[in-house]
Amino acid sequence: MESLWSIVVVALLAGGAVPGVVLSCRGSGLRRLIGLQLISGTSVMILIALSAIANQSSYLVVPLVLAVLASTGTLVYTRLLRPESITPPAGRTGAAEQ
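In this report, we go over the structure that sits alongside the text. All values reported here derive from a predicted model rather than from experimental measurement. Here the residue numbering is sequential within each chain, running from 1 through the sequence in written order. Given that the model is predicted, a residue must reach a pLDDT of at least 70 before its local features are reported, and side-chain atom pairs must reach 80 or more before they are shown or counted; all residues, however, enter totals for whole chains, interfaces and linings. Heavy atoms throughout the structure, all of them, feed into the side-chain values; hydrogens and water do not.

**Digging into the environment of Leu66**
In this fold, Leu66 is placed in helix H3 (residues 61–80). Residue burial is assigned from relative accessible area. The probe radius is 1.4 Å, only protein chains are included, and a residue is buried under 20% of its type maximum, exposed over 50%, and partly exposed in between. The exposure class assigned to Leu66 is partly exposed, which follows from its relative accessible area of 28%. Each C-alpha atom of the pair Leu66 and Leu47 lies 9.7 Å from the other, and the pair is 19 residues apart in sequence. Here, two residues are considered to be in contact whenever any of their heavy atoms come within 4.5 Å of each other. Aside from chain neighbours lying at most four places away, what touches Leu66 is Ser40, Ser43, Val44 and Leu47. Helix and strand definitions here come from DSSP, where helices need a minimum of 4 consecutive H or I residues and strands a minimum of 2 consecutive E residues; each element is numbered from the N-terminal end.

Pasting the structure below:
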């Protein structure tokens, strides 16, 4: 059973981590964010598979925390990458000035 999980880890590294690194290193900010998401999702799955190989359920804490932090990080980066046309003009604060 361990050899099956080892094959799964190698497949995830080849199919998810390598393209994620390539996307994260090149292109626009949006493409880099997509690469970051691909790497974090693949990392969670790899860590779960490694925990199954070691037969230690206590190792599942790390992928759980990584999944929560990765989704939160994506929200932060998405807010920072928004187009400039969405931001309010310099003189307006959002409240009606009269």
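**Focus on the environment of Trp5**
Mapped onto the secondary structure, Trp5 falls in helix H1 (residues 2–25). Discounting chain neighbours no more than four positions away, the residues touching Trp5 are Ala49, Ala52 and Ile53.

**What about helix H2 (residues 29–54)?**
Given 3.6 residues per helical turn, the α-helix brings residues three or four places apart onto the same face. Across its 26 residues, H2 extends 37 Å between first and last C-alpha, which sits within 8% of the 38 Å expected from 1.5 Å per residue. In this fold, the buried residues of H2 make contact with H1 and H3. After H2 finishes, the residue Asn55 shows a positive phi value of roughly 60°. Expected helix span is computed as 1.5 Å times (number of residues minus one).

**Let's talk about unusual backbone geometry**
Positioned with a positive phi, Asn55 is a non-glycine residue whose angle comes to about 60°. Its place among the elements puts Asn55 in the loop between H2 and H3.

**Topic: a nonpolar patch on the surface**
A contiguous nonpolar patch, built from Leu36, Val76, Tyr77, Leu80 and Leu81 and spanning about 480 Å² of accessible area, is present on the exposed surface. At 3 residues, H3 tops the list of elements feeding residues into the nonpolar patch. Among the structural elements, Leu36 can be located in helix H2. Look at Leu36 and you get partly exposed, because its relative accessible area is 36%. Residues enter a patch when their relative accessible area is above 30% and they make no salt bridge; the linking distance is 9 Å between like charges and 5 Å between nonpolar side chains (Val, Leu, Ile, Met, Phe, Trp, Tyr). What sets the accessible areas is the Shrake-Rupley method with a 1.4 Å probe; for residues, cover comes only from the shown protein chains. Criterion for a salt bridge: a side-chain nitrogen of Lys or Arg within 4 Å of a carboxyl oxygen of Asp or Glu.

**Points about the side chain of Ser51**
Positionally, Ser51 belongs in helix H2. Classification of Ser51 by relative accessible area gives buried; the value is 6%. Residues within four places of Ser51 in sequence aside, it is in contact with Gln56, Tyr59 and Leu60.

**A closer look at the packing of H2 against H3**
Orientation is described by axes fitted as lines to C-alpha atoms, over the contacting stretch for helices, and by angles from 0 to 180 degrees between their N-to-C directions. For the pair H2 and H3, the least separation of the axes is 9 Å and the interaxial angle reads 170°. Here H2 is positioned roughly antiparallel relative to H3, judged by the angle of their axes. Between H2 and H3, the contacting residues are Leu33, Leu36, Gln37, Ser40, Ser43, Val44, Leu47 and Ile48 on the first element and Val62, Pro63, Leu66, Ala67, Ala70, Thr74, Tyr77 and Thr78 on the second. Any residue that is not Ala, Val, Leu, Ile, Met, Phe, Trp, Tyr, Cys, Pro, Asp, Glu, Lys or Arg is counted as polar, Gly included; the first ten are nonpolar and the last four charged. Its residues assigned to classes, the contact of H2 with H3 comprises 11 nonpolar, 5 polar and no charged. Any angle that falls under 35 degrees is termed roughly parallel, while one over 145 is termed roughly antiparallel, one within 65 to 115 roughly perpendicular, and all others oblique.

Purely spatial values, then, with no claim about function.
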